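Chain by chain, the residues run as shown.
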Amino acid sequence: MASPTQTLEFQAETRQLLQLVIHSIYSNKDIFLRELISNASDALDKLRLESLTDTDLAADTSDLHITLEVDRQARTLTVRDNGIGMTREDVVDLIGTIAKSGTASLLAKIKEAKDADAAQSLIGQFGVGFYSAFMVADKVTLHTRRAGTEQGTAWESDGEGTYTIAQADDLPVGTSVTLHLKPADGEDGLGDYLAGWKIRQIVKQYSDFIRWPIRMAAESGAADEAVDGAAGAPETLNSMKALWARPRSEVTEAEYNEFYRQISHDWQDPAETIHMRAEGTFEYEALLFIPAHAPFDLFSRDTKRGVQLYVKRVFIMDDCDALMPNYLRFVKGVVDAHDLSLNVSREILQHDRQITAVRRRLVKKVLGALKSTQATNTEAYLKLWEQFGRVLKEGLIEDRDNTEALLELVSAASTNDAEKPTTLREYVARMKDGQDAIYYLTGENRQMVENSPHMEAFTAKGYEVLILTDPVDEVWTDQIPTFDGHRFQSIAKGQVDLDHDADGDVSDEAKAEKARREQDFADLLAWLETTLAEHVKQVRLSTRLTTSAACLVGDAHDLTPTLEKMYRAMGQDLPPVKRILELNPTHLLITALHQAHQAKPDDPALTDIAELVHGSALLAEGGDLPDPARFTRLLTDHLTHTL
Ligand code: ADP
């Protein structure tokens, strides 16, 4: 009962989309194979499912697979599956029409799009699937027979305005799509799609984890390269091992580690493995790893993020920045989202609400894994912190949703113990009665911070100070006000009053003593302020010094010198940040200067001393002298006079 071949027109919108595809909206043509294999894989899934639910369906599901066949003579590439297949109506509806809602408005928007990038990102919202075949083929033939039916259908089109449809007899159940490849002109690399190596490479890259075997058929008459091993036995191109899709209980640690090494190119096992599955409206699986050591380029400007995106086991992209924030760039792994278009673009992912929700959840999982290591294995945690602490602290600036969790993870050197770092929680537990702030000092290295004059009173009075020496510490301490209700207080900033009792009160005697001293030194302070006006904004008596003569401090909201330097290095134009010079009224140099000034306020030598005091304070905290040559000359002159 042969029926004539019918010629039908593509629905208008389908035609428009085809034009877009043919005139190559994609720079990467390789993806056509990924799309066709993905369709075939879905068809195999459907047949298996239907054979389970419909016991009447007489379908052979014993060897479900996908076959790729190359015919170099005819310049064709065929993707064949023994899946569910399509009826004639299916073919007209599914292949001849773009049934998806919103196609028309999408096309309108694409037309309006200003440039290729905008068009590309719009099209990413839309799987072009089957039609991508026309990027590489000037004619596509499809043969298909629906499981449970007898009659097969042949479909053919050159992708222009029409397609033909006819009955086809003696077809096996399933679908084959044959691409008549465009002539290779060398420029667009089309010639390669007949080459075994190229097909293997594309399958490996995009379809390795497809759960059905993808076989390369031996080319008739040319069994040379398509076949490995025994002559005639088809070669399976994909590994099919999508670990993330298996239940956790069925995956061994060795398998996780092997998989990690494969995706990370790391030679060590990961420190943490996180395997999760989300069901419900947006289904996905994630398999993430925290490496045991940091990559060498963790701080280079264009370090990639380590999470790959898959859609139903089809590889979509590396370095999926929408799924992992920058401060977790060291996390490696795979996220397989089920309900995304294969053509989804980075721009779309960035604005997708569901992806944002996935990212939030993944971040919580990673921070949770770190937290539980911290709670159960301090030694292992400290090793991780050593590797990634600096990057995690960037999260304190970047990710305000997780400030609390990140602060709990912070591990910092402290004056409490020279060997062992402390957590903020441990610090808080050790705070003295009446102490209301978490004291810290930032600087270039531990030794400089520990020996800084700012430390003196704190050390003398037994207050613990956190020693923060990463550049990022300057920034987050500036932005995060409190931990667990206790404010962060730089001991190089603001006024310090350690002479209080357990309730935080300062005694009347102490207050009176302070007032008396200030009175006493008032003239000297006023004179110094004028003399050093170019360098400092104020000169006052200090309560933070015990052995040093002087130190420099900032107001509570002033930039620290390091931060000032950092901003300048980044090219920011800042007004000079003047600091406050604090003098130790019990130091011999200061009392002598005080007396000399009282006796002979106009002595020019006093100006030199003032400059030397200021310069020494700057040097003591590791700062840079405004004029080192002048400082050295003044110092040498005065030393010469004393000898
Ligand atoms: P998508 O895969 O995004 O739905 P396609 O244009 O690639 O879009 O395919 C449209 C529809 O055609 C599919 O949803 C499927 O129902 C059907 N189809 C495509 N390829 C096959 C195949 N190999 N076997 C069975 N059905 C297929």
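Model, not experiment: these values are computed from the prediction. (Residues numbered from 1 in each chain as written. Predicted model: local features only at pLDDT ≥ 70, side-chain atom pairs only at ≥ 80, totals over all residues. Heavy atoms only, no water.)

Enquirer: Is there a simple way to think about the overall build of the chain in this case?
Expert: Scanning the chain from terminus to terminus reveals 20 helices and 23 strands. Counting only C-alpha atoms, the chain reaches 125 × 50 × 45 Å along its principal axes. Among the 643 residues that make up the chain, the fraction classed as buried is 49%. Considering only contacts in the chain between residues 6 or more positions apart, those separated by 24 or more positions represent 73%. Within the structure as shown, the chain displays about 31,100 Å² of accessible surface, and the carbon and sulfur contribution to it stands at 50%. With 68 positive and 104 negative side-chain charges, the chain shows a separation of 1 Å between the mean positions of the two kinds. (Helix = DSSP H or I, 4+ residues; strand = E, 2+ residues; numbered from the N terminus. Buried < 20%, exposed > 50% of the residue type's maximum accessible area, 1.4 Å probe, protein only. Contact = heavy atoms within 4.5 Å. Areas by Shrake-Rupley, 256 points an atom, 1.4 Å probe, with all protein chains shown as cover. Lys, Arg positive; Asp, Glu negative; His and termini not counted. Charge placed at Lys NZ, Arg CZ, Asp CG, Glu CD.)

Enquirer: Could you clarify how one ought to interpret helix α10 (residues 378-398) in this entry?
Expert: Residues that lie three or four places apart on an α-helix share one face, since the helix turns once every 3.6 residues. The terminal C-alpha atoms of α10, which comprises 21 residues, lie only 26 Å apart, well short of the 30 Å expected from a rise of 1.5 Å per residue. At Phe388, α10 shows its strongest bend, of approximately 65°. (Expected span 1.5 Å × (residues − 1). Bend = angle between axes of the 7 residues up to and from the residue.)

Enquirer: What is the right way to look at empty space enclosed by the protein in this model?
Expert: Empty space among the atoms can be located by rolling a probe the size of a water molecule over them. A full pass over the atoms with the stated rule returns two cavities of 30 Å³ or more. Considering only enclosed or pocket space, the second largest cavity measures out at about 50 Å³ in volume. Every residue along the wall of the second largest cavity is listed here: Tyr440, Thr442, Glu474, Thr477, Asp478, Ser490, Lys493, Thr560 and Leu563. Those elements that provide at least two residues to the lining of the second largest cavity are β17 (437-442) and α15 (471-479). (1 Å grid on protein atoms, 1.4 Å probe; cavity = no way out; pocket = protein on both sides within 12 Å on 5 of 7 lines; lining within 4 Å. Points joined across faces, edges and corners; volume = space filled by probe spheres on them.)

Enquirer: What's the story with the nonpolar core in this structure? I'm lost.
Expert: Taken as a class, soluble globular proteins show a tendency for nonpolar side chains to be buried jointly. One finds Leu33, Leu68, Trp155, Leu179, Leu309, Leu362 and Leu392 to be the most contacted residues of the largest nonpolar core, which totals 142 residues. With nine residues, helix α2 (residues 31-53) is the largest single contributor of residues to this core. Among all residues touching Leu68, those that are not within four sequence positions of it are Leu33, Thr78, Val79, Ile199, Val203, Ile214, Arg215, Met216, Ala217 and Leu237. Ranked by size, the runner-up nonpolar core spans 25 residues in total, among them Leu525, Leu541, Val613 and Ala617. (Core = buried A, V, L, I, M, F, W, Y, C linked by side-chain atoms within 4.5 Å.)

Enquirer: Hey, could you run me through the pattern of salt bridges in this one?
Expert: Opposite charge on two side chains allows them to pair when their charged atoms are near. Under the criterion given, the structure shown has 34 salt bridges. With a shortest N-O distance of 3.3 Å, Asp30 and Lys198 are connected by a salt bridge. With Asp30 in the loop between α1 (12-22) and α2 and Lys198 in helix α6 (residues 196-207), this pair connects stretches of sequence that are 168 residues apart. Residue Asp30 shares its accessibility class with Lys198, and that shared class is buried. Here Glu35 ties to Arg34 by a salt bridge, and the two come within 3.1 Å at their closest N and O atoms. Each of Glu258, Arg261 and Asp269 takes part in salt bridges that share partners, so that together they form one network. (Salt bridge = Lys/Arg side-chain N within 4 Å of Asp/Glu carboxyl O.)

Enquirer: Can you help me understand the site of the ligand in this one?
Expert: Taken together, 11 residues are adjacent to the ligand, and Asn39, Asp81, Gly129, Phe130 and Thr175 come closest. A distance of 2.7 Å separates an oxygen atom of the ligand from a polar side-chain atom of Asn39. Breaking the shell around the ligand down by element, the ones donating at least two residues are α2 and α3 (88-95). The element that contributes the greatest number of residues to the shell around the ligand is α2, accounting for three residues. (Near = heavy atom within 4 Å. Polar contact = N/O pair within 3.5 Å; in protein donor to acceptor, adjacent residues only side chain to side chain.)

Enquirer: So what exactly am I meant to see when it comes to the sheet that holds strand β23 (residues 579-583) here?
Expert: Strands in a sheet are paired, the pairing made by backbone hydrogen bonds, and the direction either parallel or antiparallel. The mixed open sheet is built from three strands, whose spatial order is β21-β23-β22. Unpaired on one side and paired on the other, β21 (536-541) and β22 (550-553) mark the two borders of the sheet. Strand-to-strand, the axes of this sheet are offset by a mean angle of 25°, without reference to chain direction. In terms of strand pairing, β22 meets β23 through four bridges, oriented antiparallel. The residue of β23 that forms the bridge with Val553 is Ile580. Across the sheet, helix α19 (residues 604-620) lies against β21, β22 and β23, angled at about 65° from β22, the strand it touches most. (Pairing = 2+ DSSP bridges. Axes fitted to C-alpha atoms, helices over the stretch in contact; angles between N-to-C directions.)

Enquirer: Can you walk me through the pairing of strand β14 (residues 332-337) in this structure?
Expert: Consecutive side chains along a regular strand alternate between the two faces of the sheet. Counting buried positions over the six residues of β14 gives five, a clear majority of the element. The pairing of strand β11 (residues 284-290) with β14 spans six bridges and is antiparallel. Residue Phe289 lies in a different strand from β14, and its bridge partner there is Lys332. Here six bridges tie strand β12 (residues 306-311) to β14, and the two strands are oriented parallel to one another. Looking at β14, one finds that Val307 is bridged to Gly333.

Nothing here speaks to function; it is geometry throughout.
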